[in-house]
Amino acid sequence: MKKKKGFIFDLDGVIVDTAKYHYLAWKQIADSLNIEFTHEHNELLKGVSRVRSLDIILDLGKIEASQAQKDQWLVQKNDEYLSYLVDMDQTEILPGVLDVLNFLKENNQGIALGSASKNARPILEKTGILSYFDAIVDGNDVSNAKPDPEVFLIAAQQLQVEPIHAFVFEDSVAGVQAANIGNMTSIGIGEQSVLHEAHHNFKDFTFISEDFLNELINK
Ligand code: B16
Ligand code: MG
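Note that the coordinates shown come from a computational prediction; the quantities given were computed from them, not determined experimentally. (Residues numbered from 1 in each chain as written. Chains lettered and ligands numbered in written order. Predicted model: local features only at pLDDT ≥ 70, side-chain atom pairs only at ≥ 80, totals over all residues. Heavy atoms only, no water.)

### What about the overall build of the chain?
What the chain contains, in helices and strands, is nine helices and six strands. Overall, the chain is about 60 × 35 × 30 Å in size when its C-alpha atoms are taken along their principal axes. Looking at the 219 residues of the chain, the share that counts as buried comes to 50%. If you take every contact in the chain between residues at least 6 apart in sequence, the share linking residues at least 24 apart comes to 62%. A total accessible area of about 10600 Å² is found for the chain, and carbon and sulfur atoms account for 48% of it. Averaged over its 19 positive side-chain charges, the chain has a centre that lies 4 Å from the centre of its 33 negative ones. (Helix = DSSP H or I, 4+ residues; strand = E, 2+ residues; numbered from the N terminus. Buried < 20%, exposed > 50% of the residue type's maximum accessible area, 1.4 Å probe, protein only. Contact = heavy atoms within 4.5 Å. Areas by Shrake-Rupley, 256 points an atom, 1.4 Å probe, with all protein chains shown as cover. Lys, Arg positive; Asp, Glu negative; His and termini not counted. Charge placed at Lys NZ, Arg CZ, Asp CG, Glu CD.)

In structure tokens, the structure reads:
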């Protein structure tokens, strides 16, 4: 009998387009410090923890700050980010995601979340998709950030699948690297030029066919 597989979804930029809200919230901090912060710079922050993201921005501006000051900016950034999530609902789920989740559920596959975000659960609740997930591993559960594979390894373990039977949907370079280092199959969601290290690449979930999913399930 073929073994059940594990499908691990990153959150920001994969299930929901919250990357734009992270960007706006960080941009407000960067602007207040006169640090140039473009969409290109924002790529460096995708999949990266909140604390590390601030350090990257401060490095861009060659700014040093005390821990107390950093803590204040981290709270300010998260408050601003959360303000964008207040009215969030199912309409913010990215195109094609629900079709893939439904197909995997109908085929009794393991489904997990593997996100660096500490705001993951409220986002899944607000968008009404919490019940799809057999396991949820987020920024509250890990001590090592992507590209360390910890978040995905815990997710696979909770789904009770071996890493080689796990497939990771990721929009960030660090996340694709984490899946690869963890000996999993990485599926890049976004620009192939950015995510060229991924085993497979799709612009978005509408390009993922049932045939492709069946291939993974039957692997
Ligand atoms: P939070 P993912 C990541 O989520 C984001 O890509 C990244 O930009 C963000 O800094 C990180 O979560 C932490 O998020 O501030 O909400 O704890 O892409 O791994 O789902
Ligand atoms: Mg992401």
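After that view of the structure, there is still more to cover.
### Details of the packing of aromatic side chains
Within the structure shown, the criterion is met by nine aromatic pairs. Ring plane angle 65° and centroid distance 4.9 Å describe the contact between F202 and F212, whose orientation is recorded as edge-to-face. Here the residue F202 occupies a position in strand β6 (residues 200-202), and F212 occupies one in helix α9 (residues 210-217), the gap between them amounting to ten residues. As far as the burial class goes, F202 and F212 line up, both buried. Among the aromatic residues, those joined into a ring-pair cluster are F7, F9, F133, F167, F169 and F205. A cation over a ring is seen here: K77 above Y81, with NZ or CZ 4.7 Å from the ring centre. (Phe/Tyr/Trp six-rings, centres within 6.5 Å; stacked < 30°, edge-to-face > 60°. Lys NZ or Arg CZ within 6 Å of the ring centre and 35° of its normal.)

### Some words on the site of ligand 1
What surrounds ligand 1 is a group of 18 residues, the closest being R50, S115, S117, K118 and N119. Take L45: an N or O atom from its main chain is 3.2 Å from an oxygen atom of ligand 1. One of the backbone N or O atoms of V48 is found 2.7 Å from an oxygen atom in ligand 1. Burial of ligand 1 by the protein chains amounts to 97% of its free accessible area of 460 Å². Here ligand 1 is seated within the largest pocket. At the level of elements, α3 (50-60) and α4 (67-85) are the ones that each hand at least two residues to the shell around ligand 1. For the shell around ligand 1, a count of residues per class yields five nonpolar, six polar and seven charged. Looking at which domains feed residues into the shell around ligand 1, each of domain 1 (6-16 + 93-218) and domain 2 (18-85) supplies at least three. (Near = heavy atom within 4 Å. Polar contact = N/O pair within 3.5 Å; in protein donor to acceptor, adjacent residues only side chain to side chain. 1 Å grid on protein atoms, 1.4 Å probe; cavity = no way out; pocket = protein on both sides within 12 Å on 5 of 7 lines; lining within 4 Å. Sits in = over half its atoms within 2 Å of the grid points. Nonpolar A, V, L, I, M, F, W, Y, C, P; charged D, E, K, R; others polar. Domains from an automatic or database assignment.)

### Some words on helix α8 (residues 173-181)
Taken as a whole, α8 has its buried residues at A174, G175, V176, A178 and A179. Positive backbone phi, at 65°, marks N183, one or two positions downstream of α8.

### Observations concerning the domain arrangement of the chain
Domain boundaries in the chain define domain 1 (6-16 + 93-218) and domain 2 (18-85). Distance between the C-alpha centres of domain 1 and domain 2: 24 Å. The interface is formed by 13 residues belonging to domain 1 together with ten residues belonging to domain 2. Summed over both sides, the interface of domain 1 with domain 2 buries roughly 980 Å², with 52% coming from carbon and sulfur. In this structure, the connection of domain 1 to domain 2 is made through zero salt bridges. Put simply, domain 1 and domain 2 have five residue pairs in polar contact (both at pLDDT 80 or more) between them. (Buried area = accessible area lost by both parts, 1.4 Å probe. Salt bridge = Lys/Arg side-chain N within 4 Å of Asp/Glu carboxyl O.)

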